[in-house]
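# Fold and contact review
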Amino acid sequence: MDKVDITQVATAKEAGYLAHIAYDSVIFGFDGKQLKILISEYHNTKLFALPGGFVKINESLDDAVRRGLRERTGLDNIYLEQFHVFGSLERYIPETMEMIMKGGGHNPVEDCWLLDRFISVGYYALINYESVNPQPDELSDSCCWYNIDQLPTLMQDHTMIVAKALETLRDNLDKKLVGMNLLPERFTMKELQTVYESILGQEIRRTTFQRSMLAKGILNRHEKQFSGKSHKAPFVYSFKKDA
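Residues numbered from 1 in each chain as written. Predicted model: local features only at pLDDT ≥ 70, side-chain atom pairs only at ≥ 80, totals over all residues. Heavy atoms only, no water.

## Overview of the domain arrangement of the protein
Under the convention used in this document: Residue ranges for the domains originate in an automatic or database domain assignment. By definition in these notes, contact holds between two residues if any of their heavy atoms fall within 4.5 Å. The quantity reported as buried area is the accessible area (1.4 Å probe) lost by two parts once they are put together, taken as the sum for both. Any pair of nitrogen or oxygen atoms within 3.5 Å is treated as a polar contact; in protein, a donor-acceptor pairing is required on top of that, and neighbouring residues in sequence qualify only through side-chain atoms on both sides. For helices the rule is a DSSP run of H or I covering at least 4 residues; for strands it is a run of E covering at least 2, with both sets numbered from the N terminus onward. Residue polarity is assigned by list, with Asp, Glu, Lys and Arg as charged and Ala, Val, Leu, Ile, Met, Phe, Trp, Tyr, Cys and Pro as nonpolar; anything else, Gly included, falls into the polar class.
Each assigned domain of the protein is listed with its residue range as follows: domain 1 (12-172) and domain 2 (184-239). One C-alpha centre belongs to domain 1, the other to domain 2; they are set 33 Å apart. Taken residue by residue, the interface counts nine residues in domain 1 and eight residues in domain 2. Between domain 1 and domain 2 lies a buried interface of about 590 Å² when both sides are counted; carbon and sulfur atoms form 67% of it. The three residues of domain 1 that bury the most area against domain 2 are Phe30, Leu35 and Arg170, which together make up 66% of that side's buried surface. Where domain 1 touches domain 2, the interface holds two residue pairs in polar contact (both at pLDDT 80 or more). A total of three residues in the side of domain 1 that touches domain 2 trace back to one element, the largest contributor, which is helix H4 (residues 158-171). Its residues assigned to classes, the side of domain 1 that touches domain 2 comprises four nonpolar, three polar and two charged.

## What to know about the sheet that holds strand E9 (residues 219-224)
Cut-off, in case you're wondering: The rule for pairing is simple: two strands pair if DSSP sees at least two bridges between them.
In space, the three strands of this open sheet follow the order E8-E10-E9, with antiparallel pairing throughout. The open sheet is flanked by strand E8 (187-188) and E9, the only strands paired with a single partner.

## Focus: helix H3 (residues 94-103)
Definition in use: Summary of the burial criterion: residues with accessible area below 20% of their type's maximum are buried, those above 50% are exposed, and those between are partly exposed, where the area comes from a 1.4 Å probe applied to protein chains only. The arc in question is the one traced by the directions running from the helix axis out to the C-beta atoms.
Considered for burial, the residues of H3 that qualify are Thr96, Ile100, Met101 and Gly103. Buried residues of H3, viewed axially, fall in a sector of 165°; they line one side. Each element contacted by the buried residues of H3 is listed here: strand E2 (35-42). Backbone geometry just after H3 places Gly105 at a positive phi near 90°.

In structure tokens, the structure reads:
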């Protein structure tokens, strides 16, 4: 069966998707120093956006998001959490979607379903920065990492979506043990502290942080990580499997 050009059909059903429902993904990564987010730039528009997409008729919402993440990152088994639904009237700007399609070389049919109003479900994902080679979709020039405090101006309500994702991440920092998804399997206490500080946006006193993390009983301590100066070699840690 030939692939349907989703810009050339009037209804979502003809395109093979559910109508009026989309998702946007805030994909967090950590490069050892700073928290980062994956951002796409659309062809010939100078528009920046979160990676997102639509839900096929024959798949669940979670599976649609996982499919989109796999296409952008090449990874499976990503930590993923739904955090908010965005449906304000202000986010409905059909001219923006039409610009994106035309920028990508598509001239949408009249009354194209992609120009309808969409409610978007927000998800955040936590991935190992070093494991990813980001891939743009067919409408984008690039899909790149940006520091959380140096994001480009984002289209529509995507800045609000990022802010809400970060708020949710901060609120669940201890409960979700997000460092498990942002760090390698073994890490130093300093690396773990840097993750927390990057997410919280503030410095934490080293002794206070170390005492707090050890008291939680969620870490395994391993041999010291030697770097030529044995008296300064730090211990390395991993999260307990049942933490």
